[in-house]
Amino acid sequence: MGHNSDLTPPVIFGLGWLYLLLTVMNVWWTARIMRTDPHRDKEAAGWGMYAGLLLMATLAHLTGSSTPEHFHLRMPQIIQQAIDWCADPKIYFAGTTALFIAVVWLRKWFIQETVAWVLLNLSVLFLTLSMTDYDFRQIVGKPDNVPIVSMLFIVGFFTWLYFKRAVDNDERRAAGRPLFEQEKNEKILVWPDLVYTELICMVVCTVVLVVWALLLPAPLEEPASAVQTPNPSKAPWYFLGLQEMLVYFDPWMAGVVLPSMILVGLMAIPYIDFNKLGNGYYTFNERKFAILTFMFGFLPLWIGMIILGTFLRGPNWNFFGIYEPWDSHKLEVLNNVNLSEYFWLIWCGSKMPTAPAGSDQLTQTGYILTREWLGLVACFAYLAITPMILAATVFKKFFIKMGFIRFMVFSNLLLFMASLPIKMLLRWMFRLKYIVGIPEWFFNI
Amino acid sequence: MASVGDYIRGSQIWKSIFRHPAPVDRRNRIVVMLTNFFLHLHPVSIKQQGIALSYTWCMGGITFFLFLAETVTGVLLMFYYRPTLEHAFNDILALRDVTTLGIMREMHRWGAHAMVITVWLHMYRVFLTGSYKPPREFNWVVGVLLLVLTLLLSFTGYLLPWDQLAIWAITVGSNMARATPFLGHEGPGFQLLNIGGFDLITNGSDARFILLGGRFVGEMTLNRFYILHCVAIPLVVAILIAIHFWRIRKDGGISQPL
Ligand code: HEM
């Protein structure tokens, strides 16, 4: 079997550490159940057996008793093929959005500790098994990508913690009990309580940083060369969400306008959120709209796009499944169509309006505007008319509370945020390239 | 042992530095917060929720810690590193291969990645507890500025090793500036800025040129990014962090239910 040769003894040994981590986690979990609730002994026994299996896997890996060729504990081919088969930006984006909706929808179920623990186990197992695949290791094992993988777990954990606290508080409110933050909220002295917490936190952080630095060498590639362009050329990882937007927008939008809007939008949040509730405690019910909007922007759009740009984009910015080799000759057919082409060529069945050769500036401008009139009108309507429709319908209450200017700012920020998923959908459904396409002026939307 | 400790704490030197006995009783625990320069950032007493880890996630604190750690490791790196085409890459190489216990670069790089993540999580928590609401609106704005500067710090530092990873990441990142509306030579509207048929915005005068100090990522870029990374941005960040902390106190401490 050719694909076995990629597993070297050091890799198997490294996997052993991951299994050890899983073992320790689950031994601790078993002990925790036994200590907190003696009636759950059957459940504890189940976890104990699982931990035992993991221990066996750990030993098998760490003692190196299996040669790579005879190594069987790997991600099944069928799963790998299934995952790679549905590797595609559409499915990825739909999947992350669906996951986000599911988490919000099923929050009461998802915050249970056992559920969270099973999910954590599944994701670590998935990662461990995937590590047996050569192509997965190539991309996930890059030193600069290690923090991104841990970020996924950390963001997941804190989202979980948020929902746990928010659901708890919402239930307290419904039952007329004081909030969690109002209980046990006496004044205490900063020395020693806070000063020592900070000290311990600093020591822990230092240790983590030193150990991390000892284990993982910082990357250093070939010396810089202005002539050898690497393929793919990627921006630093925290900007990969923006780089991913380049698939759908031109640089002036993806690289300048939308990032500026993100920053302006963030700064504007305190001035457009008129809801006085939910200040200083966790809640979901009291500020659903704000939480959902922010979370959608942060989780599927920002973090989700970074993951996509980091792990799933390969040579020529083509999309690759996580187990797929990065083939720089992979061909993706790109025949996207502008809105103006749809209008003139397909719907009207005529030719594109083109200024006669040698005509003056004004005539040319006239032709360009005629050619692109539909897109220009659509963009104008999107930014100027939609807010009014929103104000008269779904956001009526917002409009009354906010007043005209504030509402216009709010709705335009929202529309800019929505422009990314909208452009994605238009691309996927109609192969739409530009809504307004005026390359003569570098003005493409 | 105890008596040695008592002797030291009773000595004139100790008293001259700390100005009061050890903080073991209530009075001195209050006094220590008021008289120690580093501790006076804090209030004397605080509500329990304000320091609960499950409330603040400690993310602002960890971000600040990482900023300090980056400053220390960064200064150590500056002793070794010269920002010129001739030396930059080789200095980093030597740091890896020759220097004893040379994990400063690792600590600096991983600390920078971690800081980006913790600053996002800090913002996430501040949003989720609604702590940007009055009276803390302005501190949120200061926070967003800190977020941008944290990303820029990381971005400018990315170039300094001067390897393939560095220059191409910066090239890709800064190519966007070319397309800045009006100010980039491939941005919409740049043609409007012309005098008598001469474009004011060319590839030798646009936003990208200013950022890079040239038409492509070269020695002037390295110099520019080095100064931004080691001097200009950290100074601004330090000032903004001071304002950020001061405002936390003035806005009534960590947010909590009314
Ligand atoms: C270099 C970056 C930053 C540092 C060092 C920092 C540090 C801190 C610290 C230590 C606190 C105390 C509470 C806590 O730890 O959560 C805090 C609170 C706060 N931060 Fe930041 N922060 C930074 C960036 C930000 C950002 C990006 C935002 C928002 C966009 C922000 C908004 C706030 C607000 C509103 C508070 C008050 C929270 C409350 O009262 O509950 N900060 N910051």
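Being a predicted model, the structure only gives us computed values, none of them experimental.

Here we take up the site of the ligand. All names here are of chain B. What surrounds the ligand is a group of 25 residues, the closest being His122, Arg125, Gly143, His244 and Ser255. Contacts to the ligand include Gly61, whose backbone N or O atom sits 3.3 Å from an oxygen atom. Secondary structure elements with two or more residues in the shell around the ligand: helix H5 (59–80), helix H7 (104–128), helix H8 (137–159) and helix H11 (219–250). The element that contributes the greatest number of residues to the shell around the ligand is H8, accounting for 6 residues. Residue composition of the shell around the ligand, grouped by class: 12 nonpolar, 11 polar and 2 charged.

Okay, the domain arrangement of chain B next. According to the domain assignment, chain B contains domain 1 (1–45) and domain 2 (46–250). Computed over C-alpha atoms only, the centres of domain 1 of chain B and domain 2 of chain B are separated by 38 Å.

Turning our eyes to something else, we now look at the coordination of the iron atom of the ligand. All names here are of chain B. All of the protein donors around the iron atom of the ligand are His122 (NE2) and His244 (NE2); their distances to the metal are 2.0 to 2.1 Å. For the iron atom of the ligand, the 6 donor atoms in the first shell make angles of 85 to 179° at the metal, so the coordination geometry reads as octahedral. Separated by 122 residues along the polypeptide, His122 in helix H7 and His244 in helix H11 bring together distant segments of the chain. On the basis of relative accessible area, His244 is assigned to the buried category, the value being 13%.

It is worth spelling out the environment of B:Ile8 at this point. Residues and elements named next belong to chain B. Relative to the helices and strands, Ile8 resides in helix H1 (residues 2–10). Exposure remark for Ile8: the relative accessible area of 43% places this residue in the partly exposed category. Placed 39 residues apart in sequence, Ile8 and Lys47 show a C-alpha to C-alpha distance of 34 Å.

This brings us to the interface of chain A and chain B. Listed per partner, the contact involves 94 residues of chain A and 91 residues of chain B. Counting each side, the surface lost to burial between chain A and chain B is near 8,400 Å², with a carbon and sulfur contribution of 73%. Put simply, chain A and chain B have 2 salt bridges between them. Close ionic contact of B:Lys133 with A:Asp273 constitutes a salt bridge, the shortest N to O distance being 3.6 Å. Where chain A packs against chain B, one counts 39 residue pairs in polar contact (both at pLDDT 80 or more). Of all the secondary structure elements, the ones that give two or more residues to the side of chain A that touches chain B are helix H8 (146–174), strand E1 (187–189), helix H9 (190–215), helix H11 (251–272) and helix H12 (288–312) of chain A. The element best represented in the side of chain A that touches chain B is H9(A), accounting for 16 residues. A per-class count over the side of chain A that touches chain B returns 65 nonpolar, 14 polar and 15 charged. As paired elements, E1(A) and strand E1 (residues 45–47) of chain B share 3 bridges and run antiparallel to each other. The residue bridging A:Lys187 from the neighbouring strand is B:Lys47, located in E1(B).

Before going further, it helps to spend a moment on the nonpolar core. Grouped together as the largest cluster of nonpolar side chains are 127 residues, with contacts concentrated most on B:Trp120 and B:Trp140. Ranked by the residues each element gives to this core, the list is headed by H12(A), at 15 residues. With residues near it in sequence (within four places) discarded, B:Trp120 still touches A:Met151, A:Trp237, A:Tyr238, A:Phe298, A:Trp302, A:Ile303, A:Ile306, B:Leu147 and B:Leu151. Ranked by size, the runner-up nonpolar core spans 25 residues in total, among them B:Phe65, B:Trp110, B:Met115 and B:Leu240.

Judged by side-chain polarity, A:Tyr196, A:Leu199, A:Ile200, A:Val203, A:Val204, A:Val207, A:Val208, A:Val211 and A:Leu215 come together as a nonpolar surface patch covering roughly 840 Å² of accessible area. The residue A:Val211 is located in helix H9 in this model.

Looking now at helix H17 (residues 404–430) of chain A. Of all the bends found along H17(A), the most pronounced is centred on A:Ser419 and spans about 35°, while A:Pro421, a proline, follows it within four residues. Just downstream of H17(A), A:Arg431 is the residue with a positive phi angle, here 55°.

The subject of this paragraph is the domain arrangement of chain A. Residue and element names in this part refer to chain A. Entries for chain A in the domain assignment read domain 1 (1–73), domain 2 (80–218 + 231–239 + 276–317) and domain 3 (339–444). Domain 1 and domain 2 are separated by 24 Å when their C-alpha centres are compared. Approximately 1,500 Å² of surface area, both sides summed, lies buried where domain 1 meets domain 2, with 71% of it carried by carbon and sulfur atoms. Seen at the junction of domain 1 and domain 2, the total is 1 salt bridge. Here Arg32 and Glu113 are joined by a salt bridge, their closest N and O atoms 3.1 Å apart. Scanning the region where domain 1 abuts domain 2 turns up 4 residue pairs in polar contact (both at pLDDT 80 or more).

Let us now look at the packing of helix H6 (residues 113–130) of chain A against H8(A). All names here are of chain A. Where H6 contacts H8, the axes come no closer than 12 Å and their chain directions differ by 170°. Of the possible angle classes, the one that applies to H6 and H8 is roughly antiparallel. Judged by residue contacts, Glu113, Ala116, Leu120, Ser123, Val124 and Leu127 of H6 engage Val149, Phe153, Trp160 and Lys164 from H8. Each residue belonging to the contact of H6 with H8 can be placed in one class, and the counts come to 7 nonpolar, 1 polar and 2 charged.

So, on to the side chain of A:Asp170. Residues and elements named next belong to chain A. The residue Asp170 is located in helix H8 in this model. In this structure Asp170 is buried but unpaired, with Arg107 as the nearest side chain of opposite charge at 5.5 Å. Within the local environment of Asp170, its side chain forms a polar contact with the backbone nitrogen of Asn285, the two atoms lying 3.0 Å apart. Setting aside anything within four residues of it in sequence, one finds Asp170 in contact with Thr283, Phe284 and Asn285.

Residue and element names in this part refer to chain A. Going through the model one piece at a time under the given rule, you end up with 52 aromatic pairs over all chains. Both rings, one in Trp47 and one in Tyr50, keep their centres 5.9 Å apart while their planes meet at 70°; by these two values the pair is edge-to-face. With Trp47 and Tyr50 both in helix H2 (residues 41–62) and 3 residues apart, the pair spans about one turn of that helix. The class for Trp47 is buried, based on a relative accessible area of 12%. Between Tyr248 and Trp428 the ring centres are 6.1 Å apart and the planes differ by 85°, which places this aromatic pair in the edge-to-face class. Taken together, the residues Tyr248 in the loop between helix H10 (240–245) and H11 and Trp428 in helix H17 connect sequence positions 180 residues apart. The class of Tyr248 is buried, set by a relative accessible area of 3%.

All names here are of chain A. In this model, Trp191 is joined to Pro192 through a cis peptide bond whose omega is 10°. Here the residue pair Asn231 and Pro232 is connected by a cis peptide bond, since its omega of 0° sits within 30 degrees of zero. By the element assignment, Pro232 lies in the loop between H9 and H10.

This paragraph deals with the side chain of A:Asn121. Residues and elements named next belong to chain A. For Asn121, the position within the fold is in helix H6. Judged by relative accessible area, which is 4%, Asn121 ranks as buried. Of the polar contacts made by the side chain of Asn121, one reaches the side chain of Asn26; its length is 2.9 Å.

Calculation notes
Residues numbered from 1 in each chain as written. Chains lettered and ligands numbered in written order. Predicted model: local features only at pLDDT ≥ 70, side-chain atom pairs only at ≥ 80, totals over all residues. Heavy atoms only, no water. Near = heavy atom within 4 Å. Polar contact = N/O pair within 3.5 Å; in protein donor to acceptor, adjacent residues only side chain to side chain. Helix = DSSP H or I, 4+ residues; strand = E, 2+ residues; numbered from the N terminus. Nonpolar A, V, L, I, M, F, W, Y, C, P; charged D, E, K, R; others polar. Domains from an automatic or database assignment. Donors = N, O, S within 2.8 Å, 3.2 Å for Na, K, Ca; no water. Tetrahedral: all angles 85-135°; square planar, octahedral: opposite > 155°, others 65-115°. Buried < 20%, exposed > 50% of the residue type's maximum accessible area, 1.4 Å probe, protein only. Contact = heavy atoms within 4.5 Å. Buried area = accessible area lost by both parts, 1.4 Å probe. Salt bridge = Lys/Arg side-chain N within 4 Å of Asp/Glu carboxyl O. Pairing = 2+ DSSP bridges. Core = buried A, V, L, I, M, F, W, Y, C linked by side-chain atoms within 4.5 Å. Patch = residues over 30% accessible without salt bridge, like charges linked within 9 Å, V, L, I, M, F, W, Y side chains within 5 Å. Areas by Shrake-Rupley, 256 points an atom, 1.4 Å probe, with all protein chains shown as cover. Bend = angle between axes of the 7 residues up to and from the residue. Axes fitted to C-alpha atoms, helices over the stretch in contact; angles between N-to-C directions. Parallel < 35°, antiparallel > 145°, perpendicular 65-115°, else oblique. Lys, Arg positive; Asp, Glu negative; His and termini not counted. Phe/Tyr/Trp six-rings, centres within 6.5 Å; stacked < 30°, edge-to-face > 60°.

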